Structures are given as C-alpha cells and as structure tokens.
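Next come the chains, spelled out residue by residue.
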Amino acid sequence: MNTKTQSAGFLLLAVMCFVCDLPGAVNAADSWIPDRRRDQFPRESGYAVFPYLFDLPGIGAGYGVLGAVNNVGGTCTDIAGTFFEGDVSGQAFGLDSIQLVPQTLILDIGGAYITSAAIQSYSQRGMATDKNSYSVAEISDMLGTASRLTATFLDRRLEAYIAYYGNQGRLAALRDPDGNIIVQTPEASSKWVGTDVVGGRVDLTDDYLDPRRGLRFEPSLWWTPASRDAADYLFLDASVTAYFPVGKRSVWAFNYLRSESFVMQKGESDPYVVARDEGLDYGAMADERERQYIDNLVAANTHGSATSLGGISRLRSYPEGRYQGAHTEFVGTEFRWNITDEVKPFNLFFVKDVRTAVQVAPFYEIGTVTDDVHDLWSITRSSYGVGLRIVTGSGLIYRFDLAAGEEGFQPSIFFQYPWEL
C-alpha cells in the first residue's frame, strides 16, 4: 500500500467518522468531552463457574474449568482462577482491582504455571510466510507472573501505571505441523525474561468499561532488559480509539495502533551460540525448520520485537503471535450494535451477574509487520467477521468472535473488548 493509498484511506475514514457524529457536532451545547453515563467503579456482585473447551491456533486445544467472583463483598476486587489440560496444561489465577487507595490507587496481580505448551514458530518474521510454513516449539515448565499498579484520577479519565511481566520456560522439543518430533532438547535450560512497563490512558469517553462516544489514547513503553543471549530493547506502543454514537445506543469504533521497537544493545547474533543455549547443535541440524527457529531468535536479538499481530485482540482470524517484527501498524473498526440496553439480573446457577447490554459487532481489521520500517504496508493481512458480546454490571464483557481471513476461519472466546489488552 503506497502513501497516497494510505492517505486516501484515512481521509475516507475521517469523513465517515464525521458523518456518523454529525448530530453531535451540530449540537454545540454538548461538551466536547462527554459526561460519564454511569459509576466508573461498579460494585454489582457476580460469579461464574463453568467448564470450557478451547482451540487456539498457535497455542493448542484442550479443556478446562474457569471460576471467577466479581466485586467481592461489595468491593471492586475480582478473583479468578482456572486450570486446563490438553496441548496446553496448567493453572492460572488473578486478583484484579485491589483498591489500595479507594478509586485512586489500584493493584492487579496474577500468575500462571504451564507444564507444557505448543507454540507455532513460523519460518521467518514479517508478513511473507505461508500458513503451513512453521514448526511447533514445545515449551515446558513455563512460569509467568504479572503485576500492575495504576493511579487513576478525574473519574478514570486520566491514568498512569507501572507494571512488570515475567516468564520462564524451557524448549523441550521441536515438532512438525503434524506433531512429529523433529528434535528433542533434553539439555536445554530454563531462562527468565522480565519486562518493565510504564504507560497511561487519557479517556475522553462517556464510559470506561463500555464507551459509546469520545476518544481514548493509550501510550505505553515496554522495556525488556538483556537476558542471557537476548537483546536489551524496548518498544513503544501508541493506540488511539475513537467511538462515534450511532442512534440511541449503538457505536462505531475505530482503532489505530503503531508499535516501534528500539534496540539499545543487540543480543547474540551467532546462530551456533544461540542454538547451543537452546540445547541444539546448529551445525548438525538436518531439518531446515530447526535452522529457521534459530534464525528467528537471531532476528529478534538483532531487531527487537514490537507488538505482534494475530490472536484474540488484533487480526483475529490468525493464530496468536502469527506476525512478528520490529515495526507494527494496525487499523481496525467494528460496529457495536446494541440490541438491548435493558438492565436485567440473571442467575443460571453456574453464572450470576447483571446484564447491561447485548451486542452484535461486525468488524474489519488490517495490519502490517516488518523488521525494516521502510517495508511497512508493502504486505498486509486483514480479518473480518462478526462478534456477539454480553456486557455485565460487574465489569465483565463476554465476547464470542467469528473471524475470517486469507488463512481461513477462526472462532475465539474471551472476556474483554478487542484492542484493549
């Protein structure tokens, strides 16, 4: 896509946005910053306990049980936990919205242990790879921790946060797409990777949880210090989402993301050394997919990695982390048609909450990833589809999406709007 095409596309997007919000623009009596339409710290209690099946390309298939209690004891704190078995096996837990200073200082913490996981590793970074050109990296003994401290002000219109994400794992084997072992790595050692995050949010919308008009800007800086042979790098994300009301209760949402990686110190670039740290011998590799796996690690050590595309948030018809590189750009839109705004409590034994909206949401997304910034938009991938959402009073959004793209059709189930992760 050339510069003129991009400019024309964004101009068309701006015109559509203006037309959709024309009544609001004409009515000058409305404030440019919309009023909040409800309490931004809901305390309606709810719970959910149910079994589930999952099939996530790039991660694996299996089953599990999820349990969650929202707004425990009339507070804003949520507790959730799950265990799962299959291609991915393990347990996870989380404590969300611990109010250290009520409505001002909020702590979120979580952790997970995964005994084994199968992760697709494509033949090269960027967009120019075939959907079947990958190996499966079997990672074992994965331990992950997450913590985030958020300061929020002005009815959640302005937020700043610091966070830390850490994970540890060990390469156990490489497999082909059919699951056959290419090579096992019994001598590979575990390594810990930690990421520090500083970010914020300017939320000029009518609601923090379920916005229907206004603008949201979210910048964040992610720093991953050098660990063993990896690079010392950071990446900067800038996400802008605009919400334009359509009718009395529906909304047309647009999202733009730019993610840029900056390498402060390159990591190990000798593939023989990188392979040895993974428990492999680069010189003795008989399968080209082994070399491709190591070459991708060398590329990450050289260029760093920005936010990837694919999975449950952006380019939803592709596997999680399908497209990786040092530079990412993404544009997405979805029309959230609110079928009903009826506030209705429900109690189905295994799930209890207050329904505040039911949505049908057709969507379209397009994005590009590359290691060379000059190649942005030279190759793109897109997704389109439709989603069903249930918005609850306790703060959960149950989301079921059906997405299609150049590589096929993909359903997904998650508990938050896209573009918000």
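Read on for a plain summary of the structure. On a predicted model such as this, the values are computed, not experimentally measured, just so you know.

1. Re the overall build of the protein chain
The number of helices and strands found in the protein chain is four helices and 18 strands. Here the protein chain holds 421 residues, and the buried ones make up 48% of them. Considering only contacts in the protein chain between residues 6 or more positions apart, those separated by 24 or more positions represent 59%. Taken as a whole, the protein chain presents about 19600 Å² of accessible surface, with 62% of it coming from carbon and sulfur.

2. Let's talk about the pattern of salt bridges
Within the structure shown, the criterion is met by 25 salt bridges. A cluster of three or more residues bridged by salt bridges with shared partners is formed by R316, E334, R336, E365, R389, R399 and D401.

3. What about the packing of aromatic side chains?
Inspection of every chain in the model, using the stated rule, returns seven aromatic pairs. Judged by centre distance (5.1 Å) and plane angle (70°), the rings of Y272 and Y282 are edge-to-face. Of this pair, Y272 sits in helix α3 (residues 271-277) while Y282 sits in the loop between α3 and α4 (288-303); the two residues are 10 residues apart in sequence, bridging distant segments of the chain. What makes Y282 buried here is its relative accessible area of 9%. Taken together, the ring pairs in this structure connect Y165, W222 and F235 into an aromatic cluster. Just above the ring of Y161 sits the side chain of R148; from NZ or CZ to the centre is 3.9 Å. Positioned above the aromatic ring of Y282 is the side chain of R291, whose terminal nitrogen or guanidinium carbon lies 4.6 Å from the ring centre.

4. Topic: the pairing of strand β10 (residues 214-224)
With eight bridges joining them, strand β9 (residues 191-205) and β10 adopt antiparallel strand pairing. From the neighbouring strand, D203 faces β10, where its bridge partner is R216. Taken together, the 11 bridges between β10 and strand β11 (residues 232-246) define a ladder with antiparallel strand orientation. Looking across to β11, one finds that L221 is bridged to L236.

5. Considerations on a nonpolar patch on the surface
On the surface, a cluster of nonpolar side chains totalling about 570 Å² of accessible area is made up of F153, L154, L158, V202, L215, F217 and V240. Position of L154 among the secondary structure elements: in the loop between β6 (134-153) and β7 (158-175). Take L154: its relative accessible area is 64%, and that puts it in the exposed class.

6. A look at the nonpolar core
Generally speaking, soluble globular proteins have nonpolar side chains that are buried together. L171, L174, L280 and I294 are the most contacted members of the largest nonpolar core, which has 14 residues in total. Put simply, the parts of the chain that give this core at least two residues each are β6, β7, β8 (181-184), α3 and α4. Considering every element that reaches this core, the biggest residue donor is α4, with three residues. The contact partners of I294, leaving out residues within four places of it in the chain, are P271, V274, A275, E278, L280, Y282 and M285. In this structure, M127, V251, L309 and F330 belong to the second largest nonpolar core, which totals 12 residues.

7. Here's the deal with the side chain of S313
Note on placement: S313 falls in the loop between α4 and β13 (327-340). A polar contact of 2.9 Å, which involves the side chain of S313, links it to the backbone nitrogen of W419.

8. Some thoughts on the pairing of β6
Looking at chain direction, strand β5 (residues 105-122) and β6 are connected through 17 bridges and run antiparallel. Each residue of the ladder has a partner; that of Q120, found in β6, is V136. Where β6 meets β7, 16 bridges bridge the pair, whose relative direction is antiparallel. Within β7, the position partnered with T152 by the bridge is E159. Here β6 hands over to β7 after four residues, with L154 in that stretch at a positive phi of 55°.

Procedures and definitions
- Residues numbered from 1 in each chain as written.
- Predicted model: local features only at pLDDT ≥ 70, side-chain atom pairs only at ≥ 80, totals over all residues.
- Heavy atoms only, no water.
- Helix = DSSP H or I, 4+ residues; strand = E, 2+ residues; numbered from the N terminus.
- Buried < 20%, exposed > 50% of the residue type's maximum accessible area, 1.4 Å probe, protein only.
- Contact = heavy atoms within 4.5 Å.
- Areas by Shrake-Rupley, 256 points an atom, 1.4 Å probe, with all protein chains shown as cover.
- Salt bridge = Lys/Arg side-chain N within 4 Å of Asp/Glu carboxyl O.
- Phe/Tyr/Trp six-rings, centres within 6.5 Å; stacked < 30°, edge-to-face > 60°.
- Lys NZ or Arg CZ within 6 Å of the ring centre and 35° of its normal.
- Pairing = 2+ DSSP bridges.
- Patch = residues over 30% accessible without salt bridge, like charges linked within 9 Å, V, L, I, M, F, W, Y side chains within 5 Å.
- Core = buried A, V, L, I, M, F, W, Y, C linked by side-chain atoms within 4.5 Å.
- Polar contact = N/O pair within 3.5 Å; in protein donor to acceptor, adjacent residues only side chain to side chain.

Just distances and angles here, no functional claims.
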